[in-house]
Amino acid sequence: MFAVQFDRFGPPEVLSVGPFAEPHAGRGEVRVRVRAAGVSPVDVALRAGRSPSAERVALPHIPGVDAAGVVDEVGPDVTGVAIGDEVFGAVDVARLGGASAEFAVLAFWAAKPASMSWEEAGAGATSIETATRALDLLDVGEGTTLLIDGAAGGVGSVAVQLAIARGARVIGTGSPENQAFIAQLGAIPTTYGRGLPERVRRLREVDLVLDVAGAGSLPELIAITGTAASVVTIAEFTGPRLGVRLSLGDLGGDPNGRHGLAVAAALLEEGRFRLPLQEVFPMAQAARAHAFAARGPRQGKIVLAVP
Ligand SMILES: NC(=O)c1ccc[n+]([C@@H]2O[C@H](COP(=O)([O-])OP(=O)(O)OC[C@H]3O[C@@H](n4cnc5c(N)ncnc54)[C@H](OP(=O)(O)O)[C@@H]3O)[C@@H](O)[C@H]2O)c1
């Protein structure tokens with residue numbers, strides 16, 4: 001098969017597209033003929049060798065964890081999906097990649113709704129599951145006011161919409177360039193950084209805080225609700241030292257731990273959810289996509305269209 005790959009860690013230029021051994025679906029997995037694959041900050045950090053996971057990666061390596069495509073192999077113990085079905089999902093976190101290729105093996109997935117484009121479908125699975133897990137942990141529901149720090153990015157733009165769908169009011173932070181985008185998502189926009197607690201206090205009282213950015217703002221975010229127990233981070237590893245819960249992707253095999261994709265797909269069909277795409281690159285331009293992903297401001301997801 002053909003695949004985006006790198007045989008050494010480094011700048012985006014280490015990426016090339018060429019032949020690679022085909023993967024096959026194992027127990028509980030499906031293989032798809034990929035139509036689109038997401039490019040996320042974790043993929044960029046791993047390629048650059050800046051991720052703690054880098055030492056577990058065998059080279060050459062195919063980057064990317066999110067993909068959408070047509071099922072062409074169904075592994076043992078898989079039910080409810082058949083060859084030819086259109087799905088979107090992600091590879092197993094332990095594989096650390098493998099999505100930016102002609103074929104990819106998915107560890108979790110959902111049916112792709114007809115009204116969801118291939119590009120939207122390929123971009124979104126990890127952001128949707130990450131946002132869902134964090135909103136569950138915070139118990140975001142009807143009537144709560146949630147502050148999301150980093151609302152315009154891949155996870156943030158999804159978390160805003162899923163929280164609103166649960167009946168929450170959302171305040172979202174972003175760069176000055178992203179204030180209108182955050183408002184379009186349905187949140188009350190404000191800028192991040194110095195003076196955030198005062199700006200938020202002038203808007204409304206906040207019950208819960210989700211730190212998506214991991215920008216070193218946890219003390220200010222705790223000050224906003226007055227207790228670390230009301231704050232969850234997905235990106236700040238020092239969070240637990242301050243009493244903030246850290247939500248990570250490894251669910252330890254919990255089969256009920258992932259339920260966000262089907263919910264998001266249903267909301268999308270109802271017109272209550274979309275996956276904002278900042279840029280779609282042809283797969284041959286994976287290096288450009290990775291370079292683009294390393295620069296802000298972000299407005300949703302970056303995705304590779306696979307021929
Ligand atoms: N725990 C998990 O399971 C998990 C899963 C996925 C991702 N992550 C991590 O979560 C983080 C976000 O992922 P992502 O895909 O959403 O990234 P992304 O698409 O690059 O978005 C990052 C967002 O952070 C915002 N930001 C930048 N500087 C900020 C600051 N000083 N204060 C507040 N916000 C700031 C950006 O806003 P502007 O664009 O407006 O500047 C942007 O919207 C990454 O560190 C990623 O590794 C964790």
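Residues numbered from 1 in each chain as written. Predicted model: local features only at pLDDT ≥ 70, side-chain atom pairs only at ≥ 80, totals over all residues. Heavy atoms only, no water.

Colleague: Report on the overall build of the protein, specifying residues and quantitative values.
Modeller: A tally of helices and strands in the protein yields eight helices and 15 strands. On C-alpha atoms alone, the protein measures out to a radius of gyration of 19 Å, which is about the 19 Å that the 2.2 N^0.38 rule sets for 307 residues. Taking the principal axes of the C-alpha coordinates as reference, the protein spans close to 55 × 40 × 35 Å. The long-range fraction of contacts in the protein, counting pairs at least 24 apart against all pairs at least 6 apart in sequence, stands at 65%. (Helix = DSSP H or I, 4+ residues; strand = E, 2+ residues; numbered from the N terminus. Rg over C-alpha atoms; globule rule 2.2 N^0.38 Å. Contact = heavy atoms within 4.5 Å.)

Colleague: Provide a residue-level description of the packing of helix H5 (residues 196-203) against helix H6 (residues 218-225), including the pertinent values.
Modeller: In the contact formed by H5 and H6, the axes pass within 9 Å of each other and the chain directions differ by 30°. Judged by the angle between their axes, H5 and H6 are roughly parallel. Note that H5 runs across H6; the crossing there is right-handed. Only Glu 220, Leu 221, Ala 223 and Ile 224 of H6 make contact with H5, whose side of the interface consists of Leu 196, Pro 197, Val 200 and Arg 201. (Axes fitted to C-alpha atoms, helices over the stretch in contact; angles between N-to-C directions. Parallel < 35°, antiparallel > 145°, perpendicular 65-115°, else oblique. Left-handed = near helix turned anticlockwise from the far one by under 90°.)

Colleague: Could you give an account of the site of the ligand, naming the residues involved and the relevant values?
Modeller: Not every one of the 24 residues close to the ligand is listed here, only the nearest: Arg 133, Ser 175, Asn 178, Tyr 192 and Arg 298. Take Val 155: an N or O atom from its main chain is 2.9 Å from an oxygen atom of the ligand. Across the complex, the protein chains shield 79% of the 920 Å² of accessible surface that the ligand would expose by itself. Residue-level mapping places the shell around the ligand at the junction of two domains, with at least three residues from each of domain 1 (2-127 + 251-305) and domain 2 (130-246). (Near = heavy atom within 4 Å. Polar contact = N/O pair within 3.5 Å; in protein donor to acceptor, adjacent residues only side chain to side chain. Areas by Shrake-Rupley, 256 points an atom, 1.4 Å probe, with all protein chains shown as cover. Domains from an automatic or database assignment.)

Colleague: Describe the sheet that holds strand E8 (residues 145-149), and please don't skip the residues or the numbers.
Modeller: Spatially, six strands are ordered E10-E9-E8-E11-E12-E13 in an open sheet, and the strand pairing comes out parallel. Strand pairing shows two members of the sheet lacking a second neighbour, strand E10 (188-191) and strand E13 (245-246), which therefore form its edges. By the bridge criterion, four bridges tie E8 to strand E9 (residues 169-174) in an arrangement that is parallel. Bridging from a neighbouring strand, Thr 145 pairs with Arg 169 of E9. Lying on the sheet, helix H2 (residues 118-138) is in contact with E8, strand E11 (208-211), strand E12 (231-233) and E13; it crosses E11 at an angle near 150°. Where H5 meets the sheet, it contacts E8, E9 and E10, and its direction lies at approximately 155° from that of E10. (Pairing = 2+ DSSP bridges.)

Colleague: Tell me about the packing of H2 against helix H3 (residues 154-165), and please be specific about residues and values.
Modeller: Closest axis-to-axis distance for the H2/H3 pair is 8 Å, and the angle between their directions is 55°. Compared by their axis directions, H2 and H3 come out oblique. Considering only the axes of H2 and H3, their crossing is right-handed. Residues Ser 127, Ile 128, Thr 130, Ala 131, Thr 132 and Leu 135 of H2 lie in contact with H3, whose contacting residues are Gly 154, Val 155, Val 158, Ala 159, Leu 162 and Ala 163.

Colleague: Run through the pattern of salt bridges, naming residues and quoting values.
Modeller: Tallied over the full model, the rule gives ten salt bridges. Residues Glu 29 and Arg 95 are paired through a salt bridge, measuring 2.8 Å at the closest nitrogen-oxygen approach. Here the residue Glu 29 occupies a position in the loop between strand E2 (16-19) and strand E3 (30-39), and Arg 95 occupies one in the loop between strand E5 (86-90) and strand E6 (103-106), the gap between them amounting to 66 residues. Taking the relative accessible area as the measure of exposure, Glu 29 reaches 10% and is therefore buried. Given a relative accessible area of 36%, Arg 95 falls into the partly exposed group. The residue Asp 72 makes a salt bridge to Arg 31 at a minimum N-O spacing of 2.8 Å. One end of the pair, Asp 72, is in strand E4 (residues 66-74); the other, Arg 31, is in strand E3, and 41 residues separate them in sequence. Overlapping salt bridges, with partners in common, bring together Glu 22, Arg 31, Asp 72 and Glu 73 in one network. (Salt bridge = Lys/Arg side-chain N within 4 Å of Asp/Glu carboxyl O. Buried < 20%, exposed > 50% of the residue type's maximum accessible area, 1.4 Å probe, protein only.)

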